[in-house]
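Structural overview for review
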Amino acid sequence: MDTLFLAYSRRLEETDCRYLRYLYSQIEWNERLIGIKGARGVGKTTMLLQHIKLSFPDTSKAFYVSLDHIWFATHTLLELTEYLYTHGVTHLFLDEVHRYPNWVRTVKNIYDSYPRLNIIFTGSSLLEIDNAEADLSRRIRTYHLEGLSFREYLAISNVAQLDTLSLEEILTRHQQIAATITSRLKVLPHFEQYFRQGYYPFFLETSSAVSYYDRILNVITTVIENDIPAIENIEYETLQKAKRLLALLAQMKPFTPNVSSLCESLSTTRNQLIRILSLLNRAALLRLLYTERKDLKALGKPEKILFNNPNLMQALALPADIGTIRESLFAAMLSQSHVINYPKQGDLLVDGQYLFEIGGKGKGFTQIKDIPDSFVAADEIEIGFGNKIPLWLFGLLY
């Protein structure tokens, strides 16, 4: 057990609290059971450790442990919890909860057996807590952490501290807002850098684009080889096909899937392909877009496939298609608090109301002409006009 205490002490000592993610202030930390989901690499662990460092003058009242630690090969979480509880720990922070066998039942037992113990855990975005385990879902408060927004990237890079904007503010006041910001900040060079390597907080720990993309490739491998099998009963061959599918999609433009062609390329069946796509979507590697229809057909085959964020795609394929990168970024920024669908016309539909075309500075309204509530999100421009809005502004939504 000493190894766990030593690991906790070291991790806490090395935690930087100078910048807190957008979600930190939204979490009701006093709740007895809190779950924080999110893609691997977006900063869930750091958030736990920051909270301990900032909120516990006596850090012996809190304890952090990663459940993939080798100590659990010969010991149980219940054994650890009993020891901590009898030695005065009031808050238990569990990282990588999905890596612990039967974690749902174990967490529920701890919650019921230690009524004065607060439990905060992190887990893969694959977890379906609300649907899978009713007993646990009634007790838990769940949050989801996304990768860095452009606003957060500027802040964590010590470039600028900008206010969060609402979608309504961007749509109605974008020209005034953009003019104010660009009068004191050259936005586009920073946005281009963010495009390439800014979605994951670990960009601060990498010395080059190559090392940053290598880190992302390691994330992808860990998600497919460790996280997915920890949650789903899946065959090794299917996991290898998931890797091949990602590599294949990275070479394509914003992709309207031809199921038969993909099945042939992967030597798989339609049902298995749909399952792989669903898993990669839940794992926050892909983003599947559907029409607004709610029938079974719409919920099966997606109408468009994007990568979850532009950095993922660029790690898999360089040069990556700029159109796909832009659409992936726009969807990543909007989906944090809005619903994205695939429209009949245009590129993306937001909240069932706002229609967007996404492109470069020369992008026009030809494809969405005369459609109410239609907009162009244009890259490579500092300030827009009318319904043509700079793409970078949507990076200030959270």
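Above this note sits the structure.
Residues numbered from 1 in each chain as written. Predicted model: local features only at pLDDT ≥ 70, side-chain atom pairs only at ≥ 80, totals over all residues. Heavy atoms only, no water.

**Notes on the pattern of salt bridges**
- According to the stated counting rule, one finds 18 salt bridges in the structure shown.
- Note that Lys-108 is salt-bridged to Asp-112, the shortest N-O span being 3.1 Å. On the criterion of helical spacing, the pair formed by Lys-108 and Asp-112 is a turn pair, its members being 4 residues apart in helix α4 (residues 103-113).
- Asp-112 gets classed as partly exposed once you look at its relative accessible area, which sits at 38%.
- In this structure, Arg-282 engages Glu-232 in a salt bridge whose closest nitrogen and oxygen atoms are separated by 2.9 Å. Taken together, the residues Arg-282 in helix α13 (residues 270-282) and Glu-232 in the loop between α10 (209-231) and α11 (236-250) connect sequence positions 50 residues apart.
- Classification of Arg-282 as buried rests on a relative accessible area of 18%.
- Given the relative accessible area of 21%, Glu-232 is considered partly exposed. (Salt bridge = Lys/Arg side-chain N within 4 Å of Asp/Glu carboxyl O. Helix = DSSP H or I, 4+ residues; strand = E, 2+ residues; numbered from the N terminus. Buried < 20%, exposed > 50% of the residue type's maximum accessible area, 1.4 Å probe, protein only.)

**Here's the deal with the packing of aromatic side chains**
- Tallied over the full model, the rule gives 26 aromatic pairs.
- For the ring pair Phe-202 and Tyr-212, a centre distance of 5.5 Å and an interplane angle of 50° mean the geometry is tilted. Linking Phe-202 in the loop between α9 (187-197) and α10 with Tyr-212 in helix α10, this pair joins segments that are 10 residues apart in sequence.
- Owing to a relative accessible area of 5%, Phe-202 belongs among the buried residues under this scheme. (Phe/Tyr/Trp six-rings, centres within 6.5 Å; stacked < 30°, edge-to-face > 60°.)

Take it as geometry only, folks, not as evidence of what the structure does.
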